[in-house]
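The chain contents come next:
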Amino acid sequence: MTTKPELNLGSHLLPGLAAAALFAVMAATILSASFPEPQGFPEGANITASIGYAMFNLDLGDVPGESFLVAFLVIAVTLDVALDGAVHLATRETDEGRTLLTDGGRELKRTLFGGDD
């Protein structure tokens, strides 16, 4: 015999209600916001070069912009840390020292199935 599903009320519904309320507040804020008219770029302006100049705080571009040097440096350091972390995770310690895991799984295959390649 089957039964109907029952609504389980309790304090575990509070995070869901908070998320729904946050969604309602953000939707109301976004829908009531007013934005200025788009302005576009001057005719024949080199946008790509202007972005590069703005990134390093140089006033040489056709389109004026803000300096993004700090954001560029933060992103560079973050990517460097991510690369260092990936290399650190890809290493293992052996009796001789640290080696990279570049055997293609041959050692694991040898351990599980025995024998050589």
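Definitions and cut-offs
Residues numbered from 1 in each chain as written. Predicted model: local features only at pLDDT ≥ 70, side-chain atom pairs only at ≥ 80, totals over all residues. Heavy atoms only, no water. Helix = DSSP H or I, 4+ residues; strand = E, 2+ residues; numbered from the N terminus. Buried < 20%, exposed > 50% of the residue type's maximum accessible area, 1.4 Å probe, protein only. Contact = heavy atoms within 4.5 Å. Areas by Shrake-Rupley, 256 points an atom, 1.4 Å probe, with all protein chains shown as cover. Phe/Tyr/Trp six-rings, centres within 6.5 Å; stacked < 30°, edge-to-face > 60°. UniProt positions renumbered as here; feature names shortened; annotations may be inferred. pLDDT = per-residue confidence, 0-100.

- For the protein chain, the name recorded in an unreviewed UniProt entry is Proton-conducting membrane transporter, with Halobellus ruber as its organism.

**So, the overall build of the protein chain**
(1) Moving on: Summing up its helical and strand segments, the protein chain has four helices and two strands in all.
(2) Moving on: Taken from the N to the C terminus, the helices and strands of the protein chain come in the order α-α-α-β-β-α.
(3) Moving on: Burial statistics for the protein chain: of 117 residues in total, 4% are counted as buried.
(4) Moving on: Sequence separation of 24 or more characterises 0% of the internal contacts of the protein chain that already satisfy a separation of 6 or more.
(5) Moving on: With an accessible surface of roughly 10800 Å², the protein chain has 65% of that area assigned to carbon and sulfur atoms.

**Observations regarding the packing of aromatic side chains**
(1) Moving on: Counting across every chain of the model gives one aromatic pair.
(2) Moving on: Ring centres of Phe56 and Phe72 lie 5.1 Å apart, and the angle between their planes is 70 degrees; this geometry places the pair in the edge-to-face category. Taken together, the residues span a long stretch of sequence, with Phe56 in the loop between α2 (47-55) and α3 (69-89) and Phe72 in helix α3 at a distance of 16 residues.

**Points about the UniProt feature "transmembrane region" (unreviewed entry) in the protein chain**
(1) Moving on: Using the residue numbers shown here, the UniProt feature "transmembrane region" (unreviewed entry) corresponds to residues 68-90.
(2) Moving on: The span residues 68-90 carries 91% helix and 0% strand; its end-to-end C-alpha distance comes to 33 Å.

**Overview of the confidence of the model for the protein chain**
Interpreting fine coordinate detail is not advised for predicted regions of low pLDDT.
(1) Moving on: The share of residues in the protein chain with pLDDT of 70 or more is 85%, and the mean pLDDT across the chain is 84.
(2) Moving on: At the low end of the mean pLDDT range in the protein chain sits strand β2 (residues 98-100), at 58; at the high end sits helix α1 (residues 14-32), at 96.

**Quick notes on unusual backbone geometry**
(1) Moving on: One non-glycine residue, Asn57, lies in positive phi territory at about 60 degrees.
(2) Moving on: Topologically, Asn57 is positioned in the loop between α2 and α3.

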